[in-house]
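# Structural features, examined
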Amino acid sequence: MDAIEASNLVKKFGELEAVRGVSFTVWEGEIFGFLGPNGAGKTTAINMLCTLLRPTAGEAKVNGYDVVKECNKVRQSIGLIFQEPTLDDYLTAEQNLRFHGYAYGVPKNTLEPRLRELMEMVELWDRRKAKIRTYSGGMKRRLEIARGLLHRPKVLFLDEPTLGLDPQTRRRIWDYIHDLRQRENLTIFMTTHYMDEAENCDRVAIIDYGQIVVMDTVARLKDGVGGDVISVKTDDNEEAARLLQKQYELDSSIGNGVISFTVPHGEEFLPGFVSRFPVRLLSVSLTRPTLEDVFLKFTGRSIREQQADPMHEMKQMVRMSSRRR
């Protein structure tokens, strides 16, 4: 059984269409990501899957349960970590977790060992009696992950899981996520606008203006850009360019004393090329396409052109609405 199934999912706010007929499937045990700028519809989509918003049209199932008709069963089977912290600052860490456990009906004889197991996993057991207002942003995020797992969900939703955290803390959070995926046999659905964070996904759907633009594994998305860029310095770049065309049917460009060309699977191409190319090579480098390149190819702009803005999703929806008039 697939963990998540969405078919032509739509969400409108009045005349504004935030999610515009998205369809996708998330397989059990995979990390699946929505990658897109702020305001692309990522959070709206995840809120429909988590039953926080009712779809305007379309259907979705999570763990086999319909998000409209069986919303309580969906909620019992998922964990959710929001963009913004939702911990009670005036309670201790263990009090926050116990309250969550009671809300989900976790039996007391199960709750206490589970609480300790998770707090040790995220390295917060020694701070369990500290109030949340004394926690750093990274500590809060780690505790929210523990809280989201307390009732043993089958699917964990992460909405911008490392938003606002420094790079070192972000890497640490992802170490925990990969570890718990193995421990808990979890399916993870995440949204992000960080390119490096999306690299953690088995598959990525690029979403823009409420629509899925392209969806595949990270490796295949990068391959779709056109391959790896190989740059070489030779003792005769003009002759090298001629031979690249003649022997390999490769177009190349010369700039700043370097000749560059693109090939698929560059790491497989290079050994034979280096050993057999008749022109003397002075240096060789390989650059793989990034998800930034993928986003640029399929949307025509850089994701970094979109600035973090809490009102950006509404601004995007207004823009979409005005385009259709």
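Quantities reported herein were computed from a predicted structural model and do not represent experimental measurements.

Criteria and cut-off values
- Residues numbered from 1 in each chain as written.
- Predicted model: local features only at pLDDT ≥ 70, side-chain atom pairs only at ≥ 80, totals over all residues.
- Heavy atoms only, no water.
- Helix = DSSP H or I, 4+ residues; strand = E, 2+ residues; numbered from the N terminus.
- Buried < 20%, exposed > 50% of the residue type's maximum accessible area, 1.4 Å probe, protein only.
- Contact = heavy atoms within 4.5 Å.
- 1 Å grid on protein atoms, 1.4 Å probe; cavity = no way out; pocket = protein on both sides within 12 Å on 5 of 7 lines; lining within 4 Å.
- Points joined across faces, edges and corners; volume = space filled by probe spheres on them.
- Nonpolar A, V, L, I, M, F, W, Y, C, P; charged D, E, K, R; others polar.
- Salt bridge = Lys/Arg side-chain N within 4 Å of Asp/Glu carboxyl O.
- Axes fitted to C-alpha atoms, helices over the stretch in contact; angles between N-to-C directions.
- Parallel < 35°, antiparallel > 145°, perpendicular 65-115°, else oblique.
- Left-handed = near helix turned anticlockwise from the far one by under 90°.
- Pairing = 2+ DSSP bridges.
- Expected span 1.5 Å × (residues − 1).
- Polar contact = N/O pair within 3.5 Å; in protein donor to acceptor, adjacent residues only side chain to side chain.
- Phe/Tyr/Trp six-rings, centres within 6.5 Å; stacked < 30°, edge-to-face > 60°.
- Lys NZ or Arg CZ within 6 Å of the ring centre and 35° of its normal.

Let us look at the overall build of the protein chain. Scanning the protein chain from N- to C-terminus turns up twelve helices and 14 strands. Structurally, the protein chain occupies a C-alpha span of about 75 × 55 × 35 Å along its principal axes. Counting over 325 residues, the protein chain shows a buried share of 51%. Taking as baseline every contact in the protein chain between residues at least 6 positions apart, the subset at least 24 positions apart corresponds to 71%.

Here the focus is the layout of surface pockets. Size it by volume and the second largest pocket reaches roughly 240 Å³. Forming the walls of the second largest pocket are 14 residues, and the residues nearest its centre are Gly79, Leu80, Phe82, His100 and Tyr104. Those elements that place two or more of their residues in the lining of the second largest pocket are strand E6 (78–81) and helix H5 (137–149). Looking at the lining of the second largest pocket, its residues break down into six nonpolar, five polar and three charged.

Under the counting rule described, the total for this entry stands at 24 salt bridges. The partner of Asp216 in a salt bridge is Arg220, and the shortest N-O contact between them spans 3.7 Å. Beyond isolated ion pairs, a larger network of salt bridges with shared partners links Glu94, Arg98, Glu112 and Lys129.

Close contact between H5 and helix H6 (residues 167–184) brings their axes to 10 Å; oriented N to C, the two are set at 15°. It follows that H5 is roughly parallel to H6 by the angle criterion. At the point where H5 passes H6, the crossing takes the right-handed sense. On H6, the residues touching Gly138, Arg141, Arg142, Ile145 and Leu149 of H5 are Thr169, Arg172, Ile173, Tyr176, Ile177 and Leu180. Residue classes in the contact of H5 with H6 are distributed as six nonpolar, two polar and three charged.

A separate point is the pairing of strand E3 (residues 31–35). Within E3, five of the five residues are buried, which leaves it mostly tucked inside the rest of the structure. Where burial is concerned, the two faces of E3 agree: the one with Ile31, Gly33 and Leu35 and the one with Phe32 and Phe34 are both buried. Alignment of E3 against strand E9 (residues 203–208), held across four bridges, turns out to be parallel. Across the sheet, the residue bridging to Gly33 is Val204, located in E9.

Helix length check: H5 (13 residues) gives 19 Å between terminal C-alpha atoms against 18 Å at 1.5 Å per residue, within 8%. Most of H5 is tucked away: twelve of the 13 residues are buried. Taken together, the buried positions of H5 are Gly138, Met139, Lys140, Arg141, Arg142, Leu143, Glu144, Ile145, Ala146, Arg147, Gly148 and Leu149. Those residues of H5 hidden inside the fold are in contact with E6, helix H3 (93–103), helix H4 (108–121), strand E7 (155–159) and H6.

Strand order in the open sheet formed by four strands is E2-E1-E4-E5, and the pairing between neighbours is antiparallel. Two strands lie at the open edges of the sheet, namely strand E2 (16–26) and strand E5 (65–66), each paired on one side alone. Lying on the sheet, helix H1 (residues 42–49) is in contact with strand E1 (4–13), E2 and strand E4 (57–62); it crosses E1 at an angle near 120°.

Okay, the side chain of Glu144 next. Here Glu144 shows up in helix H5. A distance of 2.9 Å separates the side chain of Glu144 from the side chain of Arg141, its partner in a polar contact.

Let us now look at the packing of aromatic side chains. Between two aromatic rings, the relevant description is the distance of the centres plus the angle of the planes. In the structure shown here, the tally under the stated rule is 13 aromatic pairs. Judged by centre distance (6.1 Å) and plane angle (75°), the ring pair of Phe261 and Phe269 falls under edge-to-face. For Phe261, a relative accessible area of 2% corresponds to the buried category. Arg128 extends its terminal NZ or CZ atom over the ring of Trp125, reaching a point 4.0 Å from the ring centre. Stacked on the ring of Trp27, the Lys or Arg Arg203 has its end atom at 3.7 Å from the ring centre.

Purely geometric numbers; function is a separate question.
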